Amino acid sequence: MSFHKVLLSELKLWTSGRSRWRSRLHDGVSRSGKVSFSSCSPKVCIVGSGPAGFYTAQHLMKARQDVEVDIYERLPVPFGLVRFGVAPDHPEVKNVINTFTQTAKHSHCNFYGNVTVGKDVSVEELQQAYHAVVLSYGAEGNRSMRIPGEDLAGVYSAKDFVGWYNGLPNYQSGMSGSYYLSCETAVVLGQGNVAIDVARILLSPIDMLKTTDITQPALEALAASQVRRVLIVGRRGPMQVACTIKELREMVNLPGTKPDMLAADFDGVAQAVKDVPRPRRRLTELMLKTALEIPGEKEQARRNKASRIWGFRFFRSPIEVLADPDRNRTTAIRLAINRLEGSGEGARAVLTGEVEDVSCGLVISSIGYRSLPINGSVPFDTHKAIIPNTMGRVQQAAGLYCSGWLKTGPTGVIATTMNNSFDTARSLVEDMDSGILHVSSAKPGSQVISALLEKRGVKPVTFSDWEKIDHVEVRRGEAVGKPREKLLSVEEMLQVAQR
Ligand code: FAD
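Quick notes on the rules
- Residues numbered from 1 in each chain as written.
- Predicted model: local features only at pLDDT ≥ 70, side-chain atom pairs only at ≥ 80, totals over all residues.
- Heavy atoms only, no water.
- Helix = DSSP H or I, 4+ residues; strand = E, 2+ residues; numbered from the N terminus.
- Rg over C-alpha atoms; globule rule 2.2 N^0.38 Å.
- Buried < 20%, exposed > 50% of the residue type's maximum accessible area, 1.4 Å probe, protein only.
- Contact = heavy atoms within 4.5 Å.
- Areas by Shrake-Rupley, 256 points an atom, 1.4 Å probe, with all protein chains shown as cover.
- Lys, Arg positive; Asp, Glu negative; His and termini not counted.
- Charge placed at Lys NZ, Arg CZ, Asp CG, Glu CD.
- Core = buried A, V, L, I, M, F, W, Y, C linked by side-chain atoms within 4.5 Å.
- Pairing = 2+ DSSP bridges.
- Axes fitted to C-alpha atoms, helices over the stretch in contact; angles between N-to-C directions.
- Near = heavy atom within 4 Å.
- Polar contact = N/O pair within 3.5 Å; in protein donor to acceptor, adjacent residues only side chain to side chain.
- Nonpolar A, V, L, I, M, F, W, Y, C, P; charged D, E, K, R; others polar.
- Domains from an automatic or database assignment.
- Buried area = accessible area lost by both parts, 1.4 Å probe.
- Salt bridge = Lys/Arg side-chain N within 4 Å of Asp/Glu carboxyl O.
- Right-handed = clockwise from strand over helix to strand, strands pointing away.
- UniProt positions renumbered as here; feature names shortened; annotations may be inferred.

Check the secondary structure of the protein chain and you find 20 helices and 18 strands. For the protein chain, the C-alpha radius of gyration of 25 Å lies close to 23 Å, the compact-globule estimate for 499 residues. Dimensions along the principal axes, computed over C-alpha positions, put the protein chain at roughly 75 × 50 × 45 Å. Each of the 499 residues in the protein chain was classed as buried or not, and the buried ones make up 54%. Sequence-distant contacts, at least 24 apart, represent 75% of the contacts inside the protein chain between residues at least 6 apart. For the protein chain, the accessible surface area stands at approximately 22,300 Å², while carbon and sulfur atoms represent 52% of it. Across the protein chain, the 62 positively charged side chains and the 52 negatively charged ones have centroids separated by 3 Å.

Put into structure tokens, the structure is as follows:
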């Protein structure tokens, strides 16, 4: 029997049942209450409901009024890193959720949360059921430091730490929940915006955090934290930091903190900065001012009152995390001291042979997220950790597309992700219009996939189910003066969704 026939026979088996859900779907009404559009409309499914998934869906439905889009998401809740990555004290960034909600409520769009593609349903099954499949499942892995001591207690990835304070399920209990905040110094490895987010959250006055959507357990742990000093370490120099000026400015102005930089790290920078493009120049000038200028009276008074310290440490690469004699807890990090070869963005860090040990009880590595392959049948470039593609068309895989961090690698802000997702949607529409992608024969879309999921005991969460979760979270938040109090486990989310 062909694969397609298996799917159809499973659909028949499923539709012969008696449940209300089944008969509603049989009548062409999905569980979300939306009328199934048309059996012969082009059917596209998107894997992942982060910015890439939603922006791809938005552009597709704008460009082709006949297209039906189904979004499959691993978690019961949508929005990817907008919910689980963006810092709690950046609520304005999360406003994109309003646009995503409009997209999800479009009559040609359906959301199926709590469905892990690659486990509950395969990419091949999706390809059989839809005319096109767009993979937008982000970058859920970590780049590891590959140094001795990396597995010690007290060493975490930024992904773990961010997931913890943002309420990502499975990042809440056990070791990953009990961060080593009882030490005085924390070292953050990496100098991008995520590293700055981590440093800021570690040092923010608790009064600033308690009105955000940071989770209650994280808030309590941070309120009891002993961390007073955060060093943000990079292997190259001030002219190569990867953060942006907004994030640096927030750090410079963070109440209750003062900067601590090494003047020698800035040798020659004032001269070199004159020749660089404006964004890099402004960023470097702010660093120079913070590090070298004698502060004015007001700023000096502010610094005198500060009880917490932050600082960049440049030209240093981690080589080992050191432990106490029992070898179960981080006590220091050994850093190799580098010099730069070349200049500008392309400058290379070269070891000098000197090392330095920095005492610390907490090490958070923020050296990048990494996409993971979904299964053997989907091309994956393990070196670049992306799906090889041409303008979002997966190479050598007709009908398969990709967008977001999975397409480009884990760089850029939401606006960058938006642009690359629109590009993917454009490629897909071009292929439909030109006939490269055949959409004239009918495909079963979600009907057949819902049947498979039901048979496998998977209960998808619809967008209106998510709105029940949203409602509960917002209500719980109101009670404690926060925009929301997030549910912290998949089980609790499902309980609320299925009420
Ligand atoms: P994601 O947002 O990761 O979405 C991927 C989705 O796919 C997730 O919902 C995931 O659950 C789902 N998924 C994964 N595997 C599967 C599977 N097998 N089946 C089904 N679904 C799956 N940008 C800004 O503009 N401003 C900021 O302040 C900002 N802060 C950030 C802070 C952090 C810590 C990080 C890491 C990033 C931040 N960004 C920020 C960048 C922004 O979050 C990204 O540009 C954007 O989220 C990338 O979108 P994406 O859809 O490719 O990936």
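Ranked by size, the top nonpolar core spans 53 residues in total, and within it Leu-202, Val-230, Leu-248, Trp-310, Phe-312 and Leu-362 carry the most contacts. The leading source of residues in this core is helix α9 (residues 193–203), at 7 residues. Membership of the second largest hydrophobic core comes to 45 residues, among which are Val-429, Met-432, Val-472 and Val-496.

Moving on to the sheet that holds strand β13 (residues 348–359). Within the open sheet, the 3 strands sit side by side as β11-β12-β13. Their pairing is antiparallel. Of all the strands in the sheet, just β11 (316–323) and β13 have a single pairing partner and so form its edges. Adjacent strand axes in the sheet meet at a mean angle of 20 degrees when their direction is disregarded. In the sheet, β11 pairs with strand β12 (residues 330–341) via 7 bridges, with the strands oriented antiparallel. Looking at the pairing, Ala-323 lines up with Thr-330 of β12.

Now for the sheet that holds strand β9 (residues 257–259). In spatial order, the strands read β6-β14-β7-β8-β10-β9; together these 6 strands make up an open sheet with parallel pairing. Two strands close off the open sheet at either side, each with one partner strand: β6 (155–157) and β9. Strand after strand, the sheet turns through a mean of 20 degrees between neighbouring axes, direction not considered.

Lining the immediate environment of the ligand, one finds 33 residues, of which Ala-52, Glu-73, Trp-405, Ile-414 and Thr-417 sit closest. Between the ligand and the protein, one listed contact pairs a nitrogen atom with a backbone N or O atom of Arg-74 at 3.0 Å. In the model, a nitrogen atom of the ligand is placed 2.9 Å from a nitrogen or oxygen of the Val-117 main chain. Alone, the ligand offers 1,000 Å² of accessible surface; in the complex the protein occludes 93% of this. If you list the elements that add at least two residues to the shell around the ligand, you get α3 (51–63), α9 and α17 (414–434). Taken together, the residues of the shell around the ligand break down into 17 nonpolar, 12 polar and 4 charged. No fewer than three residues from each of domain 1 (43–140 + 370–461) and domain 2 (144–367) sit in the shell around the ligand.

Our focus in this paragraph is α9. Counting along an α-helix, one turn takes 3.6 residues, and residues three or four places apart therefore face a common direction. Counting buried residues along α9, 9 of its 11 residues qualify, which places the element largely inside the surrounding structure. All of the buried residues in α9 are Ala-195, Ile-196, Asp-197, Val-198, Ala-199, Arg-200, Ile-201, Leu-202 and Leu-203.

Moving on: the domain arrangement of the protein chain. According to the domain assignment, the protein chain contains domain 1 (43–140 + 370–461) and domain 2 (144–367). In this structure, domain 1 and domain 2 have C-alpha centres spaced 34 Å apart. Here domain 1 meets domain 2 over a buried area of about 1,200 Å², counting both sides, of which 54% is carbon and sulfur. The largest per-residue losses of area from domain 1 upon contact with domain 2 belong to Phe-84, Pro-88 and Asp-89, which jointly make up 49% of the total buried on that side. Where domain 1 meets domain 2, there are 3 salt bridges. Residue Glu-92 pairs with Lys-246 through a salt bridge whose shortest N-O separation is 3.7 Å. For the pair domain 1 and domain 2, the number of links is 8 residue pairs in polar contact (both at pLDDT 80 or more). Looking at side-chain class alone, the side of domain 1 that touches domain 2 contains 5 nonpolar, 2 polar and 5 charged residues.

With that out of the way, let us pick up the pairing of strand β1 (residues 43–47). Most of β1 is tucked away: 5 of the 5 residues are buried. Side-chain alternation along β1 places Lys-43, Cys-45 and Val-47 on one buried face and Val-44 and Ile-46 on a second face that is also buried. Pairing geometry for β1 and strand β2 (residues 68–72), over 5 bridges, is parallel. Counted as the bridge partner of Val-44 is Val-69 from β2. What joins β1 to β2 is α3, and the crossover it makes is right-handed. Bridge count between β1 and strand β4 (residues 132–135): 4 bridges; the pairing is parallel. Paired with Val-47 across the two strands is Leu-135, which belongs to β4.

So, about the UniProt feature "binding site: NADP(+)" (unreviewed entry) in the protein chain. In the numbering used here, UniProt assigns the "binding site: NADP(+)" (unreviewed entry) feature to Gln-191, Gly-192, Asn-193, Val-194, Arg-235, Arg-236, Glu-247 and Gly-412. As for its placement among the helices and strands, Val-194 is situated in helix α9. Residue classification places Val-194 among the partly exposed residues on the basis of a relative accessible area of 29%. Other than its neighbours up to four places away in sequence, Val-194 contacts Ala-158, Val-162 and Ser-366. Positionally, Arg-236 belongs in the loop between β8 (229–233) and α12 (245–252). Residue classification places Arg-236 among the buried positions, given a relative accessible area of 18%.

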